[in-house]
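What the coordinates show
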Amino acid sequence: MRRSWPEKLILTAPFGWMIALFLAPLAIVVKISLSQSALAQPPYTPVFDLSSGFAAFFARVGELSFAAYASLADDNLYMDSYLSSLRLAGLATVLTLLVAYPMAYGMARAPARYRPFLVVMAVAPFWTSFLIRVYAWIAILKDEGLLNHVLIALGIISEPLHIFGTDWAVMIGIVYSYLPFMILPLYNSLARQDPALLEAAADLGAGSLARFWLVTAPLSLGGVIAGALMVFIPAVGEFVIPDLLGGSDTLMIGHTMWTEFFDNRDWPTASAATMVLLALILVPLAIYDRLRIREFP
Amino acid sequence: MWRGTGAFRLTSLLFGFAFLYAPIVVLVVYSFNASRLVTVWGGFSTRWYSALFADAQIVSSAWISLRVAFLSALIATVLGACAAVALARFERFSGRGLFAAMIMAPLVMPEVITGLSLLLLFVALDIPRGLGTVILGHATMGMCFVAVLVRERVEGVDRALEEAAMDLGASPAQTLLRVTVPLAAPAIISGYLLAFTLSLDDFVIASFTSGPGSTTLPMRIFSAVRLGVSPEINAAATLLIGVVALCLALYGAAHVLMQERTKKG
């Protein structure tokens, strides 16, 4: 099919933009992760300078430096950061599911006229500043914060709970920040289910728990997977949450990489760390792409 | 309708929404606290708001953020709408899979990756960092969200309407401008608002792409937050939430409009 020039423009403008500002930058990260760090501005020795011609380009392939990747493997800080990020993001994803499922279930089974309102209410916090929502938890979780005040006043605890500055605070932050991303796909998969299936199960003698475990839960699996991916993938590389809510012993790769980049100014190592992070999320990212998940707040 | 297991559902809704909104309510309430301490209520006061407006750095950063959000959302909306039409209407073109993946990935990819890669691009091309580079970064991020939002709407547009226009002699471009775009207008408007608020809120990408003189409001807030909780930040946060609530109300209006059109269509 031949396309007129306005149609070509509609395609090439965003396509070209994404290649220039999404794909090409990632290629540059790969390039810099393979160069050596230097005390210069910018702080790395360039590899692959096309201006010196293709022959020189290929000659330099031999000079590629895997020093940045080797230093990642040597440095326990990086290994620990990756493992800790995967663990915290994984646990937080499970917690988010546990919080979101009853909510999404309640929303999907609410009287039809309330449902659009409930969806808007569940999604609205996503629109307000992420930074501010994380900040709000500092005042709540601190040792002398609101939560401890309330719990002590109610007589539930006598000593303040030490949550702020721990991995728990980071997980609470992730659950809170990414909750809308989990609720929406769950709600959509639950609301789409045919109520006749539950009636049929009831007619066949299934109790309410059996109906949930054998009918509702398996049918919502698609929503669970979509929601889990939309929480887990961004949470692995989270920077703001561990920085504001975590403590000095909280390790997350987004934070480690940020420090390497801005404070230590070791760009090759930071680039290599970013590439490894991308490699870690590549499989979930590919599944996400395959599922064509379009349910975002 | 709340019979039987209804009590459980009602409780989970109540607890869920309390969890979602309590921190925001606490934040807003304490921005009007006369006391500097977060846990002590010292009476109602708007002193932190006056302190905020007297802070020249905060005010100038707020203007920078608004300018960046206005312009980047504009670019994001045009490009995102184009991408949406391309994905919804052009079934076959080379690189379709790559294009779709590039539009989808930034929605979930950790922002540190996009931020770092953009910075390295600007350094490699020797582009001085400033307002322009932040706008480029936010436009790239925003267009993906706009594209996903508008694509759904364009796919919902009845093809027969477009075919009718073509039968009556309209060129594909005319059909697009006179039929498809007006029908997708509510989604395009809400896409703009989403891109605007995302840009206004973004901290990570702005930190990587900004230069001297282009410190955005979230960057300013972040460095203040690192020093601890303060009522001024609560006041700034409350104002930001107010702006977003306004955008959300407009978005809601656009949504209602969209549904009315769907009913008529």
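Before going into details, it helps to say that this report is about the structure given with it. (Residues numbered from 1 in each chain as written. Chains lettered and ligands numbered in written order. Predicted model: local features only at pLDDT ≥ 70, side-chain atom pairs only at ≥ 80, totals over all residues. Heavy atoms only, no water.)

For chain B, the helix and strand inventory stands at eleven helices and zero strands. The N-to-C order of helical and strand elements in chain B reads α-α-α-α-α-α-α-α-α-α-α. The dimensions of chain B, computed from C-alpha atoms along their principal axes, are 70 × 65 × 30 Å. Scored against the burial criterion, the 265 residues of chain B give a buried share of 55%. The contacts of chain B with a sequence gap of at least 6 include a subset with a gap of at least 24, amounting to 70%. Working note: accessible area of chain B is about 11,600 Å², and carbon and sulfur atoms make up 68% of it. Considering chain B, the positive charge centre built from 18 side chains and the negative charge centre built from 14 side chains are found 5 Å apart. (Helix = DSSP H or I, 4+ residues; strand = E, 2+ residues; numbered from the N terminus. Buried < 20%, exposed > 50% of the residue type's maximum accessible area, 1.4 Å probe, protein only. Contact = heavy atoms within 4.5 Å. Areas by Shrake-Rupley, 256 points an atom, 1.4 Å probe, with all protein chains shown as cover. Lys, Arg positive; Asp, Glu negative; His and termini not counted. Charge placed at Lys NZ, Arg CZ, Asp CG, Glu CD.)

Next up on the list: a nonpolar patch on the surface. Residue and element names in this part refer to chain A. A contiguous nonpolar patch, built from L221, I225, V283, I287 and L291 and spanning about 440 Å² of accessible area, is present on the exposed surface. Within the residue set of the nonpolar patch, elements represented by two or more residues are α11 (221-236) and α14 (267-291). With three residues, the top contributor of residues to the nonpolar patch is α14. By the element assignment, L221 lies in helix α11. (Patch = residues over 30% accessible without salt bridge, like charges linked within 9 Å, V, L, I, M, F, W, Y side chains within 5 Å. Salt bridge = Lys/Arg side-chain N within 4 Å of Asp/Glu carboxyl O.)

Before going further, it helps to spend a moment on the nonpolar core. M107, W127 and Y288 of chain A together with F99, I103, M109 and F203 of chain B are the most contacted members of the largest nonpolar core, which totals 173 residues. The biggest single contributor to this core is helix α3 (residues 56-89) of chain B, with 15 residues. Excluding residues within four positions of it along the chain, F99 of chain B makes contact with L11, P14 and F15 of chain A together with A83, A86, L87 and F93 of chain B. (Core = buried A, V, L, I, M, F, W, Y, C linked by side-chain atoms within 4.5 Å.)

What follows covers the packing of aromatic side chains. Going through the model one piece at a time under the given rule, you end up with 26 aromatic pairs over all chains. Plain terms: the ring middles of W258 of chain A and F262 of chain A are 4.8 Å apart, the flat faces sit at 45 degrees to each other, and that makes the pair tilted. Of this pair, W258 of chain A and F262 of chain A both sit in helix α13 (residues 253-262), four residues apart, which is roughly one turn of the helix. Residue classification places W258 of chain A among the buried residues on the basis of a relative accessible area of 9%. Taking 5.6 Å as the distance between ring centres and 55 degrees as the angle between the ring planes, the aromatic pair formed by F261 of chain A and F208 of chain B counts as tilted. Placement of F261 of chain A in helix α13 and of F208 of chain B in helix α9 (residues 204-209) is noted, with the two residues assigned to different chains. Here F261 of chain A and F208 of chain B have matching classes, each one buried. Site record: aromatic cluster; members linked through ring pairs are F239, W258, F261, F262 and W267 of chain A together with F203, F208 and F222 of chain B. (Phe/Tyr/Trp six-rings, centres within 6.5 Å; stacked < 30°, edge-to-face > 60°.)

The next subject is unusual backbone geometry. Unlike most non-glycine residues, R265 of chain A shows phi in positive territory, near 50 degrees. Among the structural elements, R265 of chain A can be located in the loop between α13 and α14. Residue R265 of chain A is classed as partly exposed on the basis of its relative accessible area, which comes to 37%. If you check the backbone angles, D126 of chain B has positive phi at about 60 degrees while not being a glycine. The residue D126 of chain B is located in the loop between α5 (111-124) and α6 (131-156) in this model.

Bringing helix α9 (residues 195-203) of chain A into the picture now. N-cap assignment for α9 of chain A: the residue whose side-chain oxygen lies 3.0 Å from the backbone N of A196 of chain A is D194 of chain A. Remark: G205 of chain A follows α9 of chain A within two positions and exhibits a positive phi of approximately 95 degrees. (Polar contact = N/O pair within 3.5 Å; in protein donor to acceptor, adjacent residues only side chain to side chain.)

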